[in-house]
Structure formats: structure tokens, C-alpha cells
Amino acid sequence: MRRREFEAAIAGAPSEEERLAYFGALLARETGLGRRLVIVGGSAIEVYLTAAVYTSQDIDLVGARSMIAPVLSKWGFSEESGRSRRAYWVKDGLGAVDLVGARDRSGLPPRPWPTPYGEVMLGPIEFLIVRRLMRTVTDRDPALFRQAEALALRYPKGLGWEYVRVLAKAENVLPLVGQLESRVRNRRRGLRTHGVRRRPG
């Protein structure tokens, strides 16, 4: 895909979070990485919850740098030195791409997210939930707990609570998981009572 085609595709995204998802899907396709390219961290949270709830400062990607860097260069990204001398790939209108590693180390498979350009893989919600709980403690910010709750509600079925508990225990935030589970149960009960249907997952 040429630079102009890429820019036109990104410009056609109807929202900030969909533009991010489009970018990931296009990059996964162009590099040939497919499901081995994963949007992680705050960027994944932005796609899951929408930019109205949370906006990431960088585009956090897991994937082979040797395959990603040439495509970013072809699409008009330039490599710049950022915080702590980390290298970021920067392009006006998209922000800074942070290649955080060759593979995701959360221990859970990423979740597919559909776009008009194919699917993009997002970091597992369970890992993101625990990271939000950890920051709830360190930052003393209740908004981060609400983000964890919103993530847990994103997929009413299939959330790996056992993984959440094990990782939360290792990170010393297990008491918050009990609070989170209680709030999620109450929210789901309220949604059923009011006849609101959630996206299956």
C-alpha cells in the first residue's frame, strides 16, 4: 500500500479510536505480521472504550521491529528520540508509534477487533484491567478503577477472572478485584433489569 492510499484510508476513519484500529489492521496486513502484530497498553484501552473515555498518548505496538519499521518509513513516519532515549516513529495526525517489543508477554491471547481492512489484534482485557487497578493504587485516581470496570463490562462473557485474580495477587491489588467483581455483577444486573443488551463476547 502506497503512502497516499494509507493516508486516505486513515482519513476515512469516523472516530479517533477507529482510526487507531484501522492503522493497526493496515500495518498488520502490509507487514505480513497478521495476528503477530498487537495493539497493547493504553492504545488498546482507547479502542476498547473509545477515545471519549480514554485517549492514549502513544500508539503502543507489539511486533517485529525489522518488519514494521520499513513500512512506517514508507508511509511517511520519521524516527525520533523520545523519553529516556527511546525511539518513536512519528507522523502528523497519528502521533508517536512506540514499538514496545517483539511479542506480547501477558500470557493470554490477544483479542481480534474487526475493521474494514481486516482484523487487528488488541492486548487482552484481563491484563489491562489489572494494570488499571495497579495505577488506581499508585495514582490514587478513582477514574482508573472506573476504566477497569468499563473494560470488564466490555465483554460480558468469557472474561478470565481467574487470570485477573492471580495477576492481581502478584501485584498486591487483589482486594480491588473483589470490589470490581461486585460492581460488575451489580451493573450487569441493572442492565438486564432495564432491558439493555450488551455486545456478545
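Structure shown above.
What this report covers is the structure whose coordinates are included nearby. Quantities reported herein were computed from a predicted structural model and do not represent experimental measurements.

### Some remarks on the overall build of the protein
Of regular secondary structure, the protein possesses eight helices and seven strands. Computed over its C-alpha atoms, the radius of gyration of the protein comes to 18 Å, within 12% of the 17 Å expected for a compact globule of 201 residues. Dimensions of the protein, computed from C-alpha atoms along their principal axes, come out at roughly 50 × 40 × 25 Å. When the 201 residues of the protein are sorted by exposure, 46% land in the buried category. For the protein, contacts bridging at least 24 residues in sequence account for 62% of all contacts bridging at least 6. For the protein, the exposed surface amounts to about 10800 Å²; the carbon and sulfur share of it is 50%. Of the charged side chains in the protein, 34 are positive and 22 negative; the average position of the first set lies 6 Å away from that of the second.

### Describing the side chain of Thr115
Counting through the fold element by element, Thr115 comes out in the loop between strand E6 (111-113) and strand E7 (120-122). Overall, the relative accessible area of 14% leaves Thr115 in the buried class. Within the local environment of Thr115, its side chain forms a polar contact with the backbone nitrogen of Tyr117, the two atoms lying 2.9 Å apart. For Thr115, the side chain forms a polar contact with the main-chain oxygen of Gly118, separated by 2.5 Å.

Cut-offs applied
- Residues numbered from 1 in each chain as written.
- Predicted model: local features only at pLDDT ≥ 70, side-chain atom pairs only at ≥ 80, totals over all residues.
- Heavy atoms only, no water.
- Helix = DSSP H or I, 4+ residues; strand = E, 2+ residues; numbered from the N terminus.
- Rg over C-alpha atoms; globule rule 2.2 N^0.38 Å.
- Buried < 20%, exposed > 50% of the residue type's maximum accessible area, 1.4 Å probe, protein only.
- Contact = heavy atoms within 4.5 Å.
- Areas by Shrake-Rupley, 256 points an atom, 1.4 Å probe, with all protein chains shown as cover.
- Lys, Arg positive; Asp, Glu negative; His and termini not counted.
- Charge placed at Lys NZ, Arg CZ, Asp CG, Glu CD.
- Polar contact = N/O pair within 3.5 Å; in protein donor to acceptor, adjacent residues only side chain to side chain.

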